[in-house]
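# A closer look at the structure
Listed below are the residues making up each chain.
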Amino acid sequence: MRPMPSPVKLYTLSTCGHCTAAKRLLDDCSVAYEFTDVDLLTDNDRTAILDIVKKFNPRYTFPTIIIGDTVIIGFREHEIREALNIHGY
């Protein structure tokens, strides 16, 4: 995996095509990341994660991607690449 100066965290849904595309992009670029499929959590765990997501994205849309101090809502390949300083398509 390519070392990244900023941690990468994704809040996703297991059935979301845009979430899958974001994970695929990060995998293809050898970027280490953590993700949480919010829809697979139950009760208190889901509530706790949604409280975190709300701080970054009050509309609760997915994917919600956090790269260091940058928050990207949705699959926006250009913005993701820019935040990670990955060039080329």
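Let me begin by describing the structure that accompanies this report. Owing to the predicted nature of the structure, the values given are computational and were not obtained by experimental measurement.

## Some remarks on the overall build of the protein chain
A tally of regular secondary structure across the protein chain gives 3 helices and 4 strands. Going from the N terminus to the C terminus, the protein chain shows its helices and strands as β-α-β-α-β-β-α. Over its C-alpha trace the protein chain gives a radius of gyration of 13 Å, about what one expects of a compact globule, namely 12 Å for 89 residues. Expressed along its principal axes, the backbone C-alpha trace of the protein chain runs to roughly 40 × 25 × 20 Å. Split into buried and exposed, the 89 residues of the protein chain put 36% on the buried side. Of all intrachain contacts in the protein chain linking residues separated by at least 6 positions in sequence, the fraction that spans at least 24 positions is 56%. Summed over all atoms, the accessible surface of the protein chain reaches about 5,600 Å², with 51% contributed by carbon and sulfur. Charge separation in the protein chain, taken as the distance between the mean sites of 10 positive and 12 negative side-chain charges, equals 3 Å.

## Examining the pairing of strand E2 (residues 34-37)
The pairing of strand E1 (residues 8-12) with E2 spans 4 bridges and is parallel. Directly across from threonine 12, in E2, lies its bridge partner aspartate 37. You can see the chain leave E1, run along helix H1 (residues 17-28) and come back into E2, and the turn it takes is right-handed.

## Overview of the pattern of salt bridges
The tally for this structure, following the rule as stated, stands at 2 salt bridges. The residue lysine 23 makes a salt bridge to aspartate 37 at a minimum N-O spacing of 3.2 Å. Taken together, the residues span a long stretch of sequence, with lysine 23 in helix H1 and aspartate 37 in strand E2 at a distance of 14 residues. Take lysine 23 and aspartate 37: they sit in the same class, and that class is buried. Residue glutamate 77 pairs with arginine 81 through a salt bridge whose shortest N-O separation is 2.9 Å. Residue glutamate 77 and its partner arginine 81 are located together in helix H3 (residues 77-84), separated by 4 residues, close to a single helical turn.

## Considerations on the side chain of lysine 23
Judged by its relative accessible area of 14%, lysine 23 is buried. A distance of 3.2 Å separates a polar atom in the side chain of lysine 23 from a polar atom in the side chain of aspartate 37. With residues up to four places along the chain from it excluded, the contact list for lysine 23 reads Leu10, Thr12, Tyr33, Phe35 and Asp37.

Rules behind the numbers
- Residues numbered from 1 in each chain as written.
- Predicted model: local features only at pLDDT ≥ 70, side-chain atom pairs only at ≥ 80, totals over all residues.
- Heavy atoms only, no water.
- Helix = DSSP H or I, 4+ residues; strand = E, 2+ residues; numbered from the N terminus.
- Rg over C-alpha atoms; globule rule 2.2 N^0.38 Å.
- Buried < 20%, exposed > 50% of the residue type's maximum accessible area, 1.4 Å probe, protein only.
- Contact = heavy atoms within 4.5 Å.
- Areas by Shrake-Rupley, 256 points an atom, 1.4 Å probe, with all protein chains shown as cover.
- Lys, Arg positive; Asp, Glu negative; His and termini not counted.
- Charge placed at Lys NZ, Arg CZ, Asp CG, Glu CD.
- Pairing = 2+ DSSP bridges.
- Right-handed = clockwise from strand over helix to strand, strands pointing away.
- Salt bridge = Lys/Arg side-chain N within 4 Å of Asp/Glu carboxyl O.
- Polar contact = N/O pair within 3.5 Å; in protein donor to acceptor, adjacent residues only side chain to side chain.

Purely geometric numbers; function is a separate question.
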